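Report on the structure
Listed below, chain by chain, are the residues.
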Amino acid sequence: MLNEFETYGNQKKRGILIVEDNDINREMLKSILEDKYEITEAADGLIGLEKLKEGYRDLSLVLLDVQMPNMNGYEFLEHQRNDELLSSVPVIVTTGSTISEDEEKCLALGASDFVTKPYNPRIIIRRIEAIIRLSESMATLKAVEFDNISGLYTKAAFIHHFQRYMDENKDKKLDMLMINVEGFSYINELYGVAKGEQLLKHIGNVISVCNFGAIMSCRYTTDRFILMRVHSDSDVSKEVVVYNEKIHENSPVSGFVLKFAVYTDVDTSVSAASLCERLSVTMKTVRRRYDMQLAFYSTEMANRAKHLKKMEESMKDALKEKQFSVYYQPKHDAKTGEIAGAEALVRWIHPVHGFLSPADFIPLFEENGFITKLDLYVWNTVCEDIRNWINDGIKPVPVSVNASRRDILSIDTPERLLLPINENDVDIGLLHIEITESASVNDNVILEKVKAVRDMGIKIELDDFGSGQSSLGTIRDIPTDIIKLDISFVRNIEKQKEIVKMIISLAHALGHKTVAEGVETKEQLEILKDFGCDYIQGYYYSKPLERNEFRQYLINNKH
Ligand code: C2E
Ligand code: CA
Ligand code: CA
């Protein structure tokens, strides 16, 4: 087997720079090494430094004499040390003396090793090989260890060092913090990938400088960072506010939102990787919550799993016993202020747990598949309610029903949807379906089904638009009629005016209407109206109403 240092064929030789003023010594070194290495020579330190600056990329090593005119070995090392690129090339110092002071001084200045004159060719070659091998493996390690964008540890390195730290500091209590840049893909798209990288770099800088007292930190995924520190009793929510400000200060991009997950006094009997995973789970609980910026990991989260299991056991009976009820939240025309539609939102009136909001059970049902049964129930109920309004002489409005990705895949649409429409003799134009952007992109089966439903005359609303990871361009590919701006845009409308305006114009350019949800104030309404948003949903007009209350609302709001 070939030694990795042996050259064969036309493989490029590694370069060595010999900096030595004595011609005979230089010649001697050259003759020992030139078979295996590409040699560059310099007759003093000054020339040597120039050659190093020119050729550091191709140099694997410098052999440096100490006593030289113009610039001696110490000064050479001094200059080299101040330049990160140049100092990545290792130096072996050649000296006539065996004075240990000399050695010490050179090592302190960053030299890797020593050889003494007169030269023993075999020893020189062995030492050179060893140093080059070491420095090359360090360079590889550096690339795996540090993220080249943020300058922080990579995920792998962080988990490694974090684990070691815990192993070596068993008595220490530790805290962890995760930072997530919401909608990072939009930043890339709106401002370009280079700006996106600048933002990540900026965050990396803030983390390294103002580091929350962190012992170590990393870029965990594309747009997520983790910091770890010794446990502190300080008020984390206050610290997070400061952190948030620091990152927004002097940021190359504006209008982005950060979310934080905190795990204090972590369970150090668990592996570093699992601890990071727990933080990710914690982050999930705030990601879709426009009203929350910070979440804490707690044992409650583990208890929650048990609670969910119980809910799962009771859900089928709940459907039979009609514990689910449909609420309606009005949508108004932005220009005229008239009621223009409603969204059907389900609630679970649980005999033990009382009034449950969808956030408490929809994710569970989406996971176990029960959502499909529940959504069909809502669909039937809405058809029945519309029929009842008409029978009572009340003019109906179109009602949108939420459908999850699972529904679209498992319901044998469109026939199944037509059943209650026909049974109740309801105009198909009165029914809309809200699907989320993430449920519809990148999946041809879903796209085909949605298209079939739309061709039937049911209007499609693209829900939570802008909250996902997909791109603005995807609205072109989704069969849709109405774009529903994610509630977080309205929450942050002051900061995100540009984006909101752009999405509305883009939707209009593609022939779609727009709805903004979560509108609570007159100011928000005015801005959205200004931008040409078509419909408004939110507490500004009304909360979701129980079906009888909504019936009355329809009567009160003539349209
Ligand atoms: P979504 O479809 O985005 O529904 C909008 C949510 O925003 C509703 O929460 C609504 O009550 C809330 N909201 C509306 N206006 C305002 C406002 O001005 N301020 C604030 N703070 N909130 C406002 P809700 O009813 O808790 O529903 C949460 C989510 O649960 C829904 O989000 C939807 O994804 C899901 N969901 C609700 N009902 C159903 C259903 O029947 N089927 C399916 N698959 N999912 C449903
Ligand atoms: Ca919805
Ligand atoms: Ca929504």
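Coordinates for the structure precede this section.
Cut-offs used in this document
- Every chain is numbered independently, its residues counted from 1 as its sequence is written.
- Working convention: letters from A go to chains and numbers from 1 go to ligands, in the order in which they are written.
- Local features in a predicted model are, by the rule used here, given only for residues with pLDDT of at least 70; side-chain atom pairs are given and counted only at 80 or more, and totals for whole chains, interfaces and linings are based on all residues.
- Side-chain measures here rest on the full set of heavy atoms in the structure, leaving out hydrogens and waters.
- Helix numbers and strand numbers start at the N terminus; a helix is a DSSP run of H or I with at least 4 residues, a strand a run of E with at least 2.
- We compute the radius of gyration over the C-alpha atoms and compare it with the globule rule, which gives 2.2 Å times the number of residues raised to the power 0.38.
- Relative accessible area decides the class of each residue, using a 1.4 Å probe on protein chains only: under 20% of the type maximum gives buried, over 50% gives exposed, and in between gives partly exposed.
- Any two residues whose heavy atoms approach within 4.5 Å are treated as being in contact.
- Areas reported here follow the Shrake-Rupley algorithm with a probe of radius 1.4 Å; residue values treat only the protein chains shown as occluding.
- As used throughout, the charge tally considers Lys and Arg to be positive and Asp and Glu to be negative, leaving His and the chain termini uncounted.
- The location of each charge is read from NZ of Lys, CZ of Arg, CG of Asp or CD of Glu.
- When we speak of the arc, we mean the arc of directions from the helix axis to the C-beta atoms.
- Ligating atoms shown are N, O and S within 2.8 Å of the metal, or 3.2 Å for Na, K and Ca, and water is not included, meaning a site may look less than complete.
- Whenever a helix is involved, its axis is fitted only over the stretch in contact; in every case the axis is a line through C-alpha atoms, and angles between N-to-C directions fall within 0 to 180 degrees.
- Roughly parallel means an angle under 35 degrees; roughly antiparallel, over 145; roughly perpendicular, 65 to 115; everything else is oblique.
- Note on convention: the crossing is left-handed when the near helix lies turned anticlockwise from the far helix by less than a right angle, right-handed when the turn is clockwise.
- We define a salt bridge as a side-chain nitrogen of Lys or Arg found within 4 Å of a carboxyl oxygen belonging to Asp or Glu.
- Ring pairs are drawn from Phe, Tyr and Trp, using the six-membered ring of Trp, whenever the two centres fall within 6.5 Å, and their geometry is named by plane angle: stacked under 30 degrees, edge-to-face over 60, tilted for the rest.
- We call a charge positioned over a ring when the NZ of a Lys or the CZ of an Arg lies within 6 Å of the ring centre and within 35 degrees of the ring normal.
- Pairing between strands is defined by DSSP: at least two bridges between the two strands are required.
- Under the convention used throughout, the expected extent of a helix is 1.5 Å for every residue step, that is, one less than its residue count.
- To form a nonpolar core, buried Ala, Val, Leu, Ile, Met, Phe, Trp, Tyr and Cys residues must be joined to one another through side-chain atoms within 4.5 Å.

1. Quick word on the overall build of the chain
- A tally of helices and strands in the chain yields 21 helices and 20 strands.
- By the compact-globule yardstick of 24 Å for 559 residues, the chain is too spread out, its C-alpha radius of gyration being 33 Å.
- Counting all 559 residues of the chain, 49% fall into the buried class.
- Counting contacts in the chain only where the partners sit at least 6 residues apart, residues at least 24 apart contribute 68% of the total.
- As presented, the chain carries roughly 27,400 Å² of accessible surface, and 50% of it is formed by carbon and sulfur atoms.
- Within the chain, the 87 negative side-chain charges are centred at a point lying 4 Å from the centre of the 68 positive side-chain charges.

2. Considerations on helix H20 (residues 522–530)
- Among the residues of H20, Gln 524, Leu 525, Ile 527 and Leu 528 are the ones counted as buried. Along the long axis of H20, the arc covered by the buried residues comes to 165°, so they all point the same way. For H20, exposure combined with an orientation more than 90 degrees from the buried face picks out Glu 523 and Asp 530.
- Directly after H20, the chain includes Gly 532, whose backbone phi takes a positive value near 90°.

3. Details of the coordination of the calcium ion (ligand 2)
- The coordination sphere of the calcium ion (ligand 2) contains the protein donors Glu 343 (OE), Asn 402 (OD1), Glu 434 (OE) and Asp 463 (OD), at a distance range of 2.1 to 2.3 Å.
- Of note, the donors binding the calcium ion (ligand 2) are all from one chain and are spaced E-x58-N-x31-E-x28-D.
- A spacing of 4.0 Å is found between the calcium ion (ligand 2) and the calcium ion (ligand 3), which share Asp 463 as a donor. Residue Asn 402 is found in strand E14 (residues 399–402), and its partner Asp 463 is found in strand E16 (residues 459–465); the two are separated by 61 residues along the sequence.
- What makes Asn 402 partly exposed here is its relative accessible area of 23%.
- Asp 463 sits in the buried class, given a relative accessible area of 6%.

4. Brief notes about the side chain of Thr 514
- Its place among the elements puts Thr 514 in strand E18 (residues 513–517).
- Given the relative accessible area of 0%, Thr 514 is considered buried.
- Apart from residues no more than four positions distant in its own chain, Thr 514 is found in contact with Ile 482, Ile 483, Ile 504, Ala 507, His 508, Gly 532, Cys 533, Asp 534 and Tyr 535.

5. Observations regarding the environment of Asn 148
- Looking at the element boundaries, Asn 148 is found in the loop between helix H5 (121–145) and helix H6 (155–168).
- Under the relative-accessibility criterion, Asn 148 is labelled exposed at 69%.
- Along the backbone, Asn 148 and Lys 201 are 53 residues apart, and their C-alpha atoms lie at a distance of 8.9 Å.

6. Some remarks on the packing of helix H8 (residues 193–209) against helix H9 (residues 236–248)
- Here H8 crosses H9 at 130°, and the two axes come no closer than 9 Å. Here H8 lies oblique to H9, going by the angle between them. For the pair H8 and H9, the sense of crossing is right-handed. Across the interface between the two elements, His 202, Ile 203, Val 206 and Ile 207 from H8 touch Tyr 243, Lys 246 and Ile 247 from H9.

7. Brief notes about the coordination of the calcium ion (ligand 3)
- The coordination sphere of the calcium ion (ligand 3), as far as protein atoms go, consists of Asp 463 (OD), Asp 464 (OD) and Glu 517 (OE), spread over 1.8 to 2.4 Å.
- One chain supplies every donor for the calcium ion (ligand 3), spaced along it as D-D-x52-E.

8. Regarding the pattern of salt bridges
- On inspection of all chains with the given rule, the structure shows 29 salt bridges.
- Across the pair Arg 551 and Asp 392 runs a salt bridge whose closest N-O atoms are separated by 2.5 Å. Note that Arg 551 is positioned in helix H21 (residues 547–556) and Asp 392 in the loop between helix H13 (371–391) and E14, a separation of 159 residues in sequence.
- On the basis of relative accessible area, Arg 551 is assigned to the partly exposed category, the value being 27%.
- With a shortest N-O distance of 3.1 Å, Arg 454 and Asp 481 are connected by a salt bridge. Of the two residues, Arg 454 is situated in helix H17 (residues 444–455) and Asp 481 in the loop between E16 and strand E17 (482–485); the sequence distance between them amounts to 27 residues.

9. Concerning the packing of aromatic side chains
- Summed over the entire model, instances satisfying the criterion amount to 16 aromatic pairs.
- Between Trp 348 and Phe 361, the ring centres sit 5.6 Å apart and the planes meet at 85°, which makes this aromatic pair edge-to-face. Residue Trp 348 is found in strand E12 (residues 339–350), and its partner Phe 361 is found in helix H12 (residues 358–368); the two are separated by 13 residues along the sequence. Both residues of the pair, Trp 348 and Phe 361, belong to the buried class.
- Chaining the aromatic ring pairs together yields one cluster made of Phe 324, Trp 348, Phe 361, Phe 365 and Phe 370.
- Of note, Arg 347 hangs over the ring of Tyr 327, and the distance from its end group to the ring centre comes to 5.3 Å.

10. Some thoughts on the sheet that holds strand E6 (residues 174–182)
- Here 5 strands make up an open sheet; going across it, the order is E7-E8-E6-E9-E10 and the pairing mixed. Every other strand in the sheet has two partners, leaving strand E7 (214–221) and strand E10 (294–296) as the edge strands with one partner each. For this sheet, the mean angle separating the axes of adjacent strands, direction not counted, is 20°.
- Two elements, E7 and strand E8 (residues 224–230), share 6 bridges in a ladder whose sense is antiparallel. Within E8, the residue paired with Met 216 across the bridge is Met 228.
- Against the sheet, H6 contacts E6, E7 and E8, and its axis sits at roughly 145° relative to E7.
- Its contacts with the sheet place H8 against E6, E7 and E8, and it is angled at close to 5° to E8.

11. Side note on H6
- For H6, with 14 residues, the first-to-last C-alpha span of 20 Å sits near the 20 Å given by 1.5 Å per residue.
- The set of residues buried in H6 consists of Ala 157, Phe 158, His 161, Phe 162, Tyr 165 and Met 166. Down the axis of H6, the sector holding all buried residues measures 160°, keeping them to one side.

12. Some details on the nonpolar core
- In this structure, Phe 324, Phe 361, Phe 365, Val 382, Leu 528 and Phe 550 are the most contacted members of the largest nonpolar core, which totals 75 residues.
- The residues touching Leu 528, leaving out its near neighbours within four places in the chain, are Leu 485, Val 490, Ile 493, Val 500, Ile 504, Ala 516, Val 519, Cys 533 and Ile 536.

13. Examining the sheet that holds strand E3 (residues 59–65)
- Read from one edge to the other, the open sheet built from 5 strands follows the order E2-E1-E3-E4-E5, with strand pairing classed as parallel. The open sheet is flanked by strand E2 (37–42) and strand E5 (113–116), the only strands paired with a single partner. Strand-to-strand twist across the sheet, computed as the mean angle between neighbouring axes with direction ignored, equals 25°.
- Where strand E4 (residues 91–95) meets E5, 4 bridges bridge the pair, whose relative direction is parallel. Residue pairing for E5: Val 93 is matched across the bridge by Phe 114.
- Along the sheet face, helix H2 (residues 45–55) touches strand E1 (14–19), E2 and E3 and points at about 160° away from the line of E1.

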